[in-house]
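# Structural overview
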Amino acid sequence: MTSNRLSGPLPDVSGDAGYVTHPERVGFFTDTSVCIGCKACEVACKEWNGLPDPDGDALTLTGMSYDNTSALGSNAWRHVAFIEQAVPAKQVAAPEETDLIAAVADDSAGDLGATRWLMSSDVCKHCTHAACLDVCPTGALVRTEFGTVIVQPDVCNGCAYCVSACPFGVIDRREDDGRAWKCTMCYDRLRGGLEPACAKACPTDSIQFGPLDELRAIAQTRLDDLHEAGTTEARLYGADPDDGIGGAGAFFLLLDEPQVYGLPPDPVVTTQDMPAMWRRAGVAAAMLAAGVAVAFAGRRG
Amino acid sequence: MTEQPQVPEADFRSYYGRPILKLPRWKEPHLPAYLYLGGLSGASAVMGAAAAATGRRSLARAGRLTGAAAGAGGTVFLISELGRPERFLNMLRVAKPTSPMSMGAWVLAAHSSLASAAAASEVTGVLPGLGAAAGVASAVTGPILATYTGVLLADTAVPAWHEAQRELPFLFAGSAMASAGAAGLAATALGPGRDRAPAARLAVIGAAVELAAALHLERALGLTGETYQQGGAGQMMRAARWLAPAGALAALAAPRSRVAAVAAAGLLTAGAVATRFGVFRAGPASVADPKYVIASQRDGAAPRPR
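Reading guide: rules and limits
Residues numbered from 1 in each chain as written. Chains lettered and ligands numbered in written order. Predicted model: local features only at pLDDT ≥ 70, side-chain atom pairs only at ≥ 80, totals over all residues. Helix = DSSP H or I, 4+ residues; strand = E, 2+ residues; numbered from the N terminus. Buried ≥ 20, exposed ≤ 12 C-beta atoms within 10 Å, placed from the backbone. Rg over C-alpha atoms; globule rule 2.2 N^0.38 Å. Contact = placed C-beta atoms within 7 Å. Pairing = 2+ DSSP bridges. Nonpolar A, V, L, I, M, F, W, Y, C, P; charged D, E, K, R; others polar. pLDDT = per-residue confidence, 0-100. Axes fitted to C-alpha atoms, helices over the stretch in contact; angles between N-to-C directions.

### Examining the overall build of chain A
Summing up its helical and strand segments, chain A has nine helices and 10 strands in all. By its C-alpha atoms, chain A is 95 × 55 × 45 Å across when sized along the principal axes. Within chain A, buried positions represent 46% of all 301 residues.

### Considering the overall build of chain B
When its secondary structure is counted, chain B shows 10 helices and zero strands. When its helices and strands are written in sequence order, chain B yields α-α-α-α-α-α-α-α-α-α. Here chain B has a C-alpha radius of gyration of 21 Å; the compact-globule value for 306 residues is 19 Å, and the two agree. For chain B, the C-alpha atoms occupy an extent of roughly 90 × 45 × 30 Å along the three principal directions. Taking the contacts inside chain B whose residues are at least 6 apart along the sequence as the reference set, 76% of them involve residues at least 24 apart.

### What to know about unusual backbone geometry
Following B:Glu28, the chain continues to B:Pro29 via a peptide bond in cis, the omega torsion being -5 degrees. As for its position among the elements, B:Pro29 is in the segment before α1 (30-53). One non-glycine residue, A:Asp205, adopts positive backbone phi at about 60 degrees. For A:Asp205, the position within the fold is in the loop between α7 (197-201) and β8 (207-211).

### Observations concerning the pairing of strand β1 (residues 26-31) of chain A
Residues and elements named next belong to chain A. Among the six residues of β1, six are classified as buried, and the element is accordingly described as predominantly covered. Alternating residues of β1 divide into Val 26, Phe 28 and Thr 30 and Gly 27, Phe 29 and Asp 31, and every residue in both groups is buried. Across five bridges, β1 lies against β8 in antiparallel orientation. Within β8, the position partnered with Phe 28 by the bridge is Phe 209. Here β1 pairs with strand β10 (residues 250-254) via four bridges, running parallel.

### A look at the interface of chain A and chain B
Across the contact, 63 residues belong to chain A and 73 residues belong to chain B. For the side of chain A that touches chain B, the secondary structure elements donating two or more residues are β2 (78-87), α4 (131-135), α5 (161-165), β6 (172-173) and α9 (274-296) of chain A. At 16 residues, the largest contribution of residues to the side of chain A that touches chain B is made by α9(A). Here the residues of the side of chain A that touches chain B sort into 39 nonpolar, 14 polar and 10 charged.

### Thoughts on the confidence of the model for chain A
For chain A, the average pLDDT comes to 91, and 90% of its residues sit at 70 or higher. Across residues 106-110 of chain A the pLDDT falls below 50, and counting only partners more than four positions away or on other chains, this stretch makes three contacts in the model.

### Quick notes on helix α2 (residues 40-49) of chain A
Each full turn of the α-helix corresponds to 3.6 residues, which orients residues three or four apart in the same direction. Here α2(A) has its buried residues at A:Ala40, A:Cys41, A:Ala44, A:Cys45, A:Lys46 and A:Asn49. Just downstream of α2(A), A:Gly50 is the residue with a positive phi angle, here 60 degrees.

### Let's talk about the sheet that holds β1(A)
Residue and element names in this part refer to chain A. A sheet is described by the order of its strands in space; here four strands give the open sequence β8-β1-β10-β9, paired in mixed fashion. Edge positions in the open sheet fall to β8 and β9 (235-237), since each of these has one partner strand only. In this sheet, adjacent strand axes meet at a mean angle of 20 degrees when their direction is disregarded.

This is the structure in C-alpha cells:
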C-alpha cells in the first residue's frame, strides 16, 4: 500500500491505479486571461462527443451575461463563464460634490469606472484524488492510463453518488438515460494521439493541452509574467499537488477569487476523511448492539 | 458628501448566486425511506437475536419478521433510486472500501439474506437450527446496516452531510434503536405487559441517543447548522425533537399500558422517519445556496479540526 492514496500529492496516479506501463499524465491548463468567450470549446466538445440536448434548452436565455449554458452538466462538458465587473474608478481629484451626469458628460472629470469582463472555460478537473471515482459503487468510473477520470457508460447504473461527491459540481446524471456523464478529456482522441476537441478548437490557446508537468511549468511562467506586468490579482487554481484534491489534472489561471467563477474556494476530496468516518460508524454500530444488550439484560420479565 | 469609491463587497461573492455543487439527485421519499427502513431492519434483527437468546419468543418473532420485511422494503427503495434499476447487480461487481454505497450494497445483500432466512424459518418452522444461526448472524450485519448510512451521506461534498460526519452514525444508531423498539412494542401490544419491557427499554435508550445526537449536530455545525433549522429540514428536525421524547415517555408506561405501547410505537416511528427526512432535506438546502460551500471552505471549517 503506497502512501497518499486518499489525499495529498501522488506523483504517479496511473501507476497507483494499477497501470504497470502507461503514458505521461496529461491535462488542461486553461489560461482565462486570454479567453475571449467565443465558446468554440463548448461547440467542439458537443460536436465531437455527440452531446444531446434532450430538453431542447440549448436556446434558453439565462440573463447571465453571454452565458446561456449556465453550468457544467451531463450534456455540457465545457462551460464558458462570463462575469461583468464594475472596476473602481481611477483615483482623480474628487470635486466637493459630484454631479454624475455632468461628470460622465465631461471627459475631464476622469474615468469614473469601467467594466471588466472575465471569461473562463470550465471543465472537469480530473482530480488526482477524484471523489467521484472513489465513491462509485460499480467501478463504472475509472482512472485511465493518461491519468484522467472517465465513466464507462456500459457499467454505470445511475446511483448518482458521484453527483453528490464531486467537490466541483461537475458530473451529473442524465434524467432521460439514467446514467452519469462528464468530460472524458476526449479519451478516444487521446487514444488516437490527438488533443482533445476543446483545446484543438481554442483560437487563443486559452485552453492548452499537454503533459501535466509541462503545463504546470508553463502556467508558473505565465503567472510570473502577469504579476510582473502588474496584474497582481492573477492566481493559479488547482495547480498545487498539496491542495485538497492532490492537484487537478485540469487547472486554471484566474483573475479573481474562484467563487466568482462558480468554483469552490478550497475543495477537499470527501474521502480524505474515510478512515475516521468508518471508525465512527463502527463505534456507533457497537453502541447499537450494546444498547440492545442493555435493554435485554437482567432477569426475564 | 463623501463619495464611496464602490459598493461595499458582499459577504459572499458567487457566480450569479448559482450553486457551486450539483444538487443531489437522490429524491424523496426513496432515500429517507431507505435510511429509515435500513435502520429498522438492522436494529430489529439485533432485537430478534437478543430476544431469542433470552427466551422471549414474541419479541424474537417480531424482531426477525420486522428485520426481514424492512430489509426487503429498503432494498426496493434503494433500487428505485437508480437511474438504471435493471443494473442494480452492477453494485456487486466490485467491493470498494472507499465507496460507502459499495460496502452498503454488500452489507444490505448479506443482511437481507440472513434476515429473510431467519424470518422464513420462524414462520414455517423449517430448519430451525439454520434459522436461528441466520438470526444470530443478522445481529452482526444489522448494526452495520443501521449506521453505515451515516457514512453514506457524510462521504459527499454536500456541506450539511459532510460536516455532520461525526454525528450522523450515532444519530442513525439511536433512531434505529427507537424504530426497532417501536416495532417490538407494536407487535407485543396485545400480549402480556412483561413481554414488552425490553422493547420499551430499547425504545427509551434509542430515543435518548437520537435526541442527544440531533441536538449536538445542530449546534456543532456553525453556519451550515442552520440548514437543519430552516425550511423543510427544520420542520422535520423540530417534529423529531418532540416526537422522540414524547415516544420515550409513552414507552416508559408501555409495560403497564397497551394504549401507551401503541402510542409509543406510533410516536417513535414518526420521530425516526422525521429525523431521516430532516437530515436528507438539509443536504440540498446546503447546496442550493453557495454560501455554505464558500463559508466552510474559506473559513477553513471543512474539514473541522479533529
